[in-house]
Amino acid sequence: MKKYFFTLTILFAASIAFAQPGKKPAAKQKAPAQKAPAQKEMDKMMEDEMKGMSEDEKTEMRKMMKTVMPSLQEHNDKIADYPEFTSNKQLVPKKDAARIAAIPKKKLLQADMAPYAGNLFNKIMSKGDPAEVALAKKIIAQNPKAAALGGAAVLCMLQGHPQAAMALSMKAVQEDPSNANWQNNMASLLTQYGYPEQAIPVLQKLKNQFPRNTTVLNNLGQAWLGLGDVDSAFANIKRAGGLNPNHPEAKETEGVIEETKGNTDKATDDYIKAIESSINPFTETLIKNNHGQDKLDKLDFEKLKRSITIYEYFKKDWIKLPVLEDDVSAYEKNMSIKNGYSKMFEQLKNTIDTLAEASSAEVEALMEKGQNEFAKTMMKENIKGLNRMSKPAVTVMKVLQVYLAKWMLDFTKESSQLMDNINAQKIIITKSGKNDKCPDFNRKNNLFLTYANPLIRSFHENKIEEFRVWLNAFCTWSWHITGNPKNTIMSACIAWTGAIAGMYEGAIDNQYAIEKSCVKQDGDGVTITPVPNIPNFACPSVVRVPVGADWQQLSNAANNFDINSLGTKQNANNPIPNHSTAYTADRNTIAEPGKDPSTKTANGSMSPGTINDDEMTPLSKIPLDDLTPLPKILDELTPLPNIHKNKLAKELLKKMMTADCKDIKDSKDILKEQLEKMMKGVKELEAYEHIIEQIEKLEAEIEQKETNAEKKEQLKKQIEKMQQETDKMDKYEQVQQSKKEMEKIMKEMDAMDDKKFMKDKFDKIIQAVDEMEAAPAILKDIQQNGLQSSISSGIQAPGTFTPVKGLFN
C-alpha cells in the first residue's frame, strides 16, 4: 500500500475540495434521487485513481476513505454557503417588469456621474448594515483618494463585505468621476449583489463610451439578465463573446442562455470555452448539469496552458542535449561525449534516489501506524492546507492525468515508429556495394549519420519540451491542492525528476556514433559533464495578484486576504460573487479578462486567468446577425488602448505572478525589486540613445553608394565599438535584444547584396527605444497607484445574495 501514498494524498485532497458545503434545497423542492454531485465526483475520482490496484488494495482504500466524511462535515460547517443547483435553467430569473420599468429613462452623461454615485452612496450609508457602514467609514478616513477607495472596494468584495464594497466603489466614482473603471466596478457590484436596475444607466453610458469593450458589454448583459430580460442580455453577452472568445463570464452566460433556448450542444461548447479560459468549479457544474461530462473529461491541456500559471521548476534545457558530429572520423569525440553523459546520469540517479528516500520517510513511518491513523492524520493535514485554489487545482490535476496517459501512449508509439523507420533507412543507405572499400563504407555511414541524428534530436527535443511543461504544471498545481502534507508532493515531484532525466538519457543514447572503418578505435574516452541541479520542490509556487493597495498571495496558505494594509478581515459567512478581475496599467480604459491578465473567483475558489505572451488577441469571426452597421462602426472608432502601458503592465504581472523558490519574499519587496529593475533599464535610455544616434548616422551613410570592402570593414569596426559600449551597461531587455540584432548584422555583412536589410534591422532597434521612452511615466504611476482592477460580473446561483429591499429607494 505504500506505493500508493501519493494517490491517497490526491484522494484526500480531492475529497476536501469537492465536498464543499452547499445550501440544502428549499422545503418545497423535491430532493434529487441521485447522489449529490460532490459524492459522485469523489466516487469517480477514487475509481480512476485505483486503476491498476488489486481487489484487496481497492478494499483497503475504500475502507480508509470512509473515515474522511466526519472530518469534512466538521470543516464545512465553518465555510460560507454557495447554493447548489441541478438545472442550469434555474440561473435565468423570471422577467421583472416592475424593476425594468423603474430604470431611469434619462441617459447618464459624464457630468451626471458624480451626483449619481453620490446619491447611491448617501442611501447605502444611511440604510446599510451598521457594521458594513462602519467599515466603509473607517477605510474612507484612512485614505480618501479615488485610487485607494477603488482598490479597497475590490478587497472588500473578496473579503465578504458586500455593502462596504458597494459604498467604497460609489465613493471612488464620486471622488474621480472621470475614471471609467470606477464606474464599471460600481455597476458590476450593484448587479452582482442584486441591484441591476441601478447599474444599467451607468453601463449604458459606458457602452456608448467603449462600444467594443467586452467587460462593459458583459456587465450590461449580466445586469439585464438579473432583471430577467433575456433578449437584451443575450444581445450584449453574445457580442462580448464574439469580440473576446476567451472572456469566461461572457462564454458561460452565453451557454446558459443557449441551453434555455434548447441548444444544448452549443451550450456545452460555450461552457468548455469558458473553463479553458479559466478553471473554476462553477463552470464545471454548468457542464455536468448539461450532461457534458465527457467533454469535461477531455479538456485539452494544450489549450489550458495559456490560462493557468506554470512555475518553471525545470528550466528549458535543464539538461542540454549534445549535438554529435555526423562523421565517422569524430567517433572518439562522440563516444567521449556519450560516455560523459552516461556517468552524469548515473550520479543524477543516485542523487534522486537519496532525495526520494529522505522525502518519503515521514509518510512511510505514518503508514506503519496503520490505516486508521494514516487516514486521520492525512485528513487533518489536508484540511489544514485547504485554500482558495484547491478546487481549480483538482480539476487541473485531472486534466494533467488524462493528458499524460495519452501522451505516454503516443510517445511510445511515435518513438518506436521513428526508430523503425531509421533502422530501415540504415539498411538502404549503408548497403554495401560489390567493390566497396573503407572510404565507401565511411561515406555511406556519414550519409546515414547526417540523416538519422538530426531526426532523433528533433523528436526528443520536442517530446522533452512537452513533458517538461507538463511536469512543471504538475508540480505547480499539485502544491495548490492542499499544500505538501507529509512531503507527499515533494516526493512525487522528485520521482518525476527521474522520469524526465530518463527522457534526456534516452535522447542521447538513441543518437548514433559510428566508428571509422578499417581503423582501430576503442571509444572509451569520457568528457566530464556536470550534474544538473534538482529543483527545490520544498517551496510552493506562489501567485501574486493586486488586491486593492496590496499584492496578495495565492498559494496553499491563502484562505483569505486578512493580511492587508487596511486591516480588513474576512467575513467567512458571506459568499463572494462569481466574477473575474482583470488588470491594466492604463487609467483610460477598462481591462478585459481573456485579453488582459486576470483572476477568476467562483464559489469561493480563486484561480489566475489568462497570462499569455500575445500582444494582441486575434479578432474572432462575428456572426452575420451581429454585424454593426457602417455608420455605427465609424462612431466606434475610439482610440486604441495604450500598447506601451499594456505591455509593461503584462510584463510586471508576469514577474509578480511567478513563484520564487530561491527565496519566498514579501510581495512588497518583490514589487519594489521588479519596478526598480524596470526603472534601471529606463535610466540607461539616455546612454543607449547616444548609441542609437550613431546608428542613425550610419544608416544615412549606408544609403549612399559606397559598397566596397573597405567601407564594409569600417562599418564592422564601428558596430563592434557600439557593442563594447553596450556591454558596459546593465542590460535592460531591449538593450540585450539590440545587441543580438547587431551580432546578426555582423554575420550577414559579407553576404549582403544591398543595404536594405540593414535599414530594417536598425528600424527594429529604434522601435525598441521608442517603446522604452514611454516607460518612465507608466512605471511611476504603477509605483504610486498600483495596477487598475476591472470587475467582470458573472452569473450567480439563485439565493447566493438576498438584496435588501428599499436600500436604494
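Report on the accompanying structure. (Residues numbered from 1 in each chain as written. Predicted model: local features only at pLDDT ≥ 70, side-chain atom pairs only at ≥ 80, totals over all residues. Heavy atoms only, no water.)

What follows is about the sheet that holds strand E5 (residues 605-608). The 4 strands are arranged E5-E4-E3-E6 in an open sheet whose pairing can be described as antiparallel. With one partner strand each, in any of the chains shown, E5 and strand E6 (788-793) form the two edges of the open sheet. Averaged over neighbouring strand pairs, the angle between their axes works out to 20° when direction is ignored. Summarising the sheet, strand E3 (residues 579-584) and strand E4 (residues 598-602) pair through 4 bridges and their orientation is antiparallel. From the neighbouring strand, His-579 faces E4, where its bridge partner is Thr-601. (Pairing = 2+ DSSP bridges. Helix = DSSP H or I, 4+ residues; strand = E, 2+ residues; numbered from the N terminus. Axes fitted to C-alpha atoms, helices over the stretch in contact; angles between N-to-C directions.)

Let's shift gears to empty space enclosed by the protein. Across all of its chains, the model carries 3 cavities of 30 Å³ or more by this definition. The space that makes up the largest cavity amounts to roughly 40 Å³. For the largest cavity, the full set of lining residues is Tyr-82, Pro-83, Phe-282, Ile-576, Pro-577, Asn-578, Asn-603, Gln-796, Ala-797 and Thr-800. Its residues placed into classes, the lining of the largest cavity shows 6 nonpolar, 4 polar and no charged. (1 Å grid on protein atoms, 1.4 Å probe; cavity = no way out; pocket = protein on both sides within 12 Å on 5 of 7 lines; lining within 4 Å. Points joined across faces, edges and corners; volume = space filled by probe spheres on them. Nonpolar A, V, L, I, M, F, W, Y, C, P; charged D, E, K, R; others polar.)

This paragraph deals with the packing of helix H12 (residues 214-226) against helix H14 (residues 248-260). Running from N to C, H12 and H14 point in directions that differ by 35°, and their axes come no closer than 10 Å. Handedness of the H12/H14 crossing: left-handed. The segment H12 lies against H14, with Asn-218, Gln-222 and Leu-225 engaging Glu-249, Ala-250, Thr-253 and Ile-257. (Left-handed = near helix turned anticlockwise from the far one by under 90°. Contact = heavy atoms within 4.5 Å.)

Our focus in this paragraph is the state of the cysteines. For the coordinates displayed, the defined rule picks out 2 disulfides. For Cys-438, the disulfide goes to Cys-518, at an S-S distance of 1.4 Å. Across the S-S bond linking Cys-438 and Cys-518, the dihedral sits near -50°, which makes this disulfide left-handed. Placement of the pair is Cys-438 in helix H22 (residues 438-482) and Cys-518 in the loop between helix H23 (488-509) and strand E1 (543-547), with a sequence separation of 80 residues. (Disulfide = S-S within 2.5 Å.)

This part covers the nonpolar core. Counting 147 residues, the largest nonpolar core has Met-170, Met-186, Leu-190, Phe-301, Trp-470 and Phe-474 as the members making the most contacts within it. Here the element with the most residues in this core is H22; it accounts for 16 residues. In this structure, Val-363, Leu-366, Met-367 and Phe-374 belong to the second largest nonpolar core, which totals 5 residues. (Core = buried A, V, L, I, M, F, W, Y, C linked by side-chain atoms within 4.5 Å. Buried < 20%, exposed > 50% of the residue type's maximum accessible area, 1.4 Å probe, protein only.)

Contact geometry for H14 and helix H15 (residues 264-277): axes closest at 8 Å, N-to-C directions at 165°. In terms of orientation, H14 lies roughly antiparallel with respect to H15. The two elements H14 and H15 cross, and the hand of that crossing is left-handed. In this structure, H14 contributes Pro-248, Lys-251, Glu-252, Glu-254, Gly-255, Val-256, Glu-258 and Glu-259 to the contact, and H15 contributes Thr-264, Lys-266, Ala-267, Asp-270, Tyr-271, Lys-273, Ala-274 and Ser-277. (Parallel < 35°, antiparallel > 145°, perpendicular 65-115°, else oblique.)

What follows deals with the packing of aromatic side chains. Applying the stated criterion across every chain, the model contains 19 aromatic pairs. Three or more aromatic residues link up through ring pairs in this structure, and these residues are Trp-407, Phe-411, Phe-459, Phe-467, Trp-470, Phe-474 and Trp-496. Sitting above the plane of the Phe-234 ring, Lys-261 keeps its charged end 5.0 Å from the centroid. Of note, Arg-388 hangs over the ring of Phe-561, and the distance from its end group to the ring centre comes to 4.6 Å. (Phe/Tyr/Trp six-rings, centres within 6.5 Å; stacked < 30°, edge-to-face > 60°. Lys NZ or Arg CZ within 6 Å of the ring centre and 35° of its normal.)

Given a rise of 1.5 Å per residue, 13 residues ought to cover 18 Å, and the 18 Å separating the end C-alpha atoms of helix H7 (residues 130-142) matches this to within 8%. Among the residues making up H7, those that are buried are Glu-132, Val-133, Leu-135, Ala-136, Ile-139 and Ile-140. For H7, the buried positions fall inside an angular range of 160° around the axis, keeping them on one side. For H7, the exposed residues set more than 90 degrees away from the buried face come down to Pro-130, Ala-131, Lys-137 and Ala-141. Contacts made by the buried residues of H7 are with helix H6 (113-127), helix H8 (146-158) and helix H9 (162-175). For H7, the N-terminal cap is Asp-129; the gap from its side-chain oxygen to the backbone nitrogen of Ala-131 is 3.1 Å. (Expected span 1.5 Å × (residues − 1). Arc of directions from axis to C-beta. Polar contact = N/O pair within 3.5 Å; in protein donor to acceptor, adjacent residues only side chain to side chain.)

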